[in-house]
Amino acid sequence: MTGSDLKAPSRLAFIGLGALGRPMAANLHRAGYPLQVHTRSRSAENDPSLHQGDPAAATLCCASPADAVQGCQALMLCVSDDAAVEAVLWGENGAGPALVEGSLVIDCSTISPATSQRMAQRLAKRGVGYLDTPVTGGTEGANAGTLTVLCGGNDADLDRAMPLLATIGGSIHHFGAVGSGQQVKAVNQVLVAGSYAAVAEAIALGQHLQLPMQQVVDALQHGAAGSWALEHRSNAMLIDHYPLGFKLALHHKDLGIALHAAAEAGLDLPITQAVQAQEQTLMDAGLGDADVSALRRHLPRV
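Presented here is an overview of the structure given in this document.

Analysis parameters
- Residues numbered from 1 in each chain as written.
- Predicted model: local features only at pLDDT ≥ 70, side-chain atom pairs only at ≥ 80, totals over all residues.
- Heavy atoms only, no water.
- Helix = DSSP H or I, 4+ residues; strand = E, 2+ residues; numbered from the N terminus.
- Rg over C-alpha atoms; globule rule 2.2 N^0.38 Å.
- Buried < 20%, exposed > 50% of the residue type's maximum accessible area, 1.4 Å probe, protein only.
- Contact = heavy atoms within 4.5 Å.
- Areas by Shrake-Rupley, 256 points an atom, 1.4 Å probe, with all protein chains shown as cover.
- Lys, Arg positive; Asp, Glu negative; His and termini not counted.
- Charge placed at Lys NZ, Arg CZ, Asp CG, Glu CD.
- Salt bridge = Lys/Arg side-chain N within 4 Å of Asp/Glu carboxyl O.
- Pairing = 2+ DSSP bridges.
- Axes fitted to C-alpha atoms, helices over the stretch in contact; angles between N-to-C directions.
- Parallel < 35°, antiparallel > 145°, perpendicular 65-115°, else oblique.
- Left-handed = near helix turned anticlockwise from the far one by under 90°.

## Digging into the overall build of the chain
Next, step 1: Looking only at helices and strands, one finds 11 helices and 9 strands in the chain.
Next, step 2: On C-alpha atoms alone, the chain measures out to a radius of gyration of 20 Å, which is about the 19 Å that the 2.2 N^0.38 rule sets for 302 residues.
Next, step 3: Overall size of the chain, expressed as C-alpha extent along the three principal axes, is 60 × 45 × 35 Å.
Next, step 4: A buried classification covers 50% of the 302 residues belonging to the chain.
Next, step 5: Partitioning the intrachain contacts of the chain with sequence separation of at least 6 by distance along the chain shows that 69% fall at a separation of at least 24.
Next, step 6: If you sum the accessible surface of the chain, you get close to 13100 Å²; carbon and sulfur atoms cover 55% of it.
Next, step 7: When the 18 basic and 27 acidic side-chain charges of the chain are each reduced to a single mean position, those positions are 4 Å apart.

Listed below in structure tokens is the structure:
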């Protein structure tokens, strides 16, 4: 397979149709890539956004990962964790043994760097390439096709993947060998933890001071205190309603990856540890499937 093989729309396997994966797959479908999709829930495979449009780009719903990769040059993954990636590739009816030599796995999941490296090594024995390409930008970025894509892998595989990554992302960055994309995503999630927690505390303080909080947010979001979290998630905290952008439970899992990396480097990350503990309390209260902005619930309301 050469770099040109993925530039023209060719049949693509996509596994994992959650809050981010579904709009990512829909954008690929709209770009003309015929999809073969599979997800554990199965119901998401019938989303109209994956089936409307050019009949030449028809989407096939597949019963297993192995079925999904039949006849495909590339497999994109966007699943929840290390165990899910392992199961998709090497579990019962997994995609790994069914991938043909010369094909490429593009893994948009957020998992540990070590798992990415292990997947790459195992696939390489079959002549299959692997990139770790975790994404950031929330459901907003996934729907708009403007995600930031953090890449680890060799230059040749990245070149082959670029047409697909450019369809889902507005900003694509290559940091080095397999696993480096996941390392950068861990840094990203530490930043997310601190910014969301700070916005939650700021909103709580303003509300307890009985300030006109929408006016306060409007005044502050373009100054030194501005952040993505303040701009995009402050309203959820103000009205105490947390529609899904990124699951709190998944962010909690991601902080575990970051804290493990920090421990290996001999670093203590007290803010990240505190936010992870807050998230655990909220998960214990049944808020694991809420957006990360539910961190506001950790603080008392007026």
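## Remarks on the pattern of salt bridges
Next, step 1: As enumerated under the stated definition, the model contains 11 salt bridges in all.
Next, step 2: Connected via shared salt-bridge partners are Glu86, Arg118 and Arg122.

## Notes on the sheet that holds strand 5 (residues 104-107)
Next, step 1: Read from one edge of the open sheet, 6 strands run 3-2-1-4-5-6, paired in parallel fashion. Here the strands that pair on one side only, and so sit at the sheet edges, are strand 3 (60-61) and strand 6 (129-132).
Next, step 2: As judged from the 4 bridges shared by strand 1 (residues 12-15) and strand 4 (residues 74-77), these two strands associate in the parallel manner. Bridging across to strand 4, phenylalanine 14 finds its partner in methionine 76.
Next, step 3: Where helix 4 (residues 113-124) meets the sheet, its contacts fall on strand 5 and strand 6, and the angle it forms with strand 6 comes to roughly 170 degrees.
Next, step 4: Contacting strand 1, strand 4, strand 5 and strand 6, helix 6 (residues 155-168) runs over the sheet at an angle of about 45 degrees to strand 5.

## So, the packing of helix 1 (residues 21-30) against helix 6
Next, step 1: Their axes nearest at 9 Å, the elements helix 1 and helix 6 cross at an angle of 115 degrees. The angle between the axes of helix 1 and helix 6 places the two elements in the roughly perpendicular class. The handedness of the crossing between helix 1 and helix 6 comes out as right-handed. Taken together, the residues of helix 6 that come into contact with helix 1 (itself represented by Met24, Asn27 and Leu28) are Leu164, Thr167 and Ile168.

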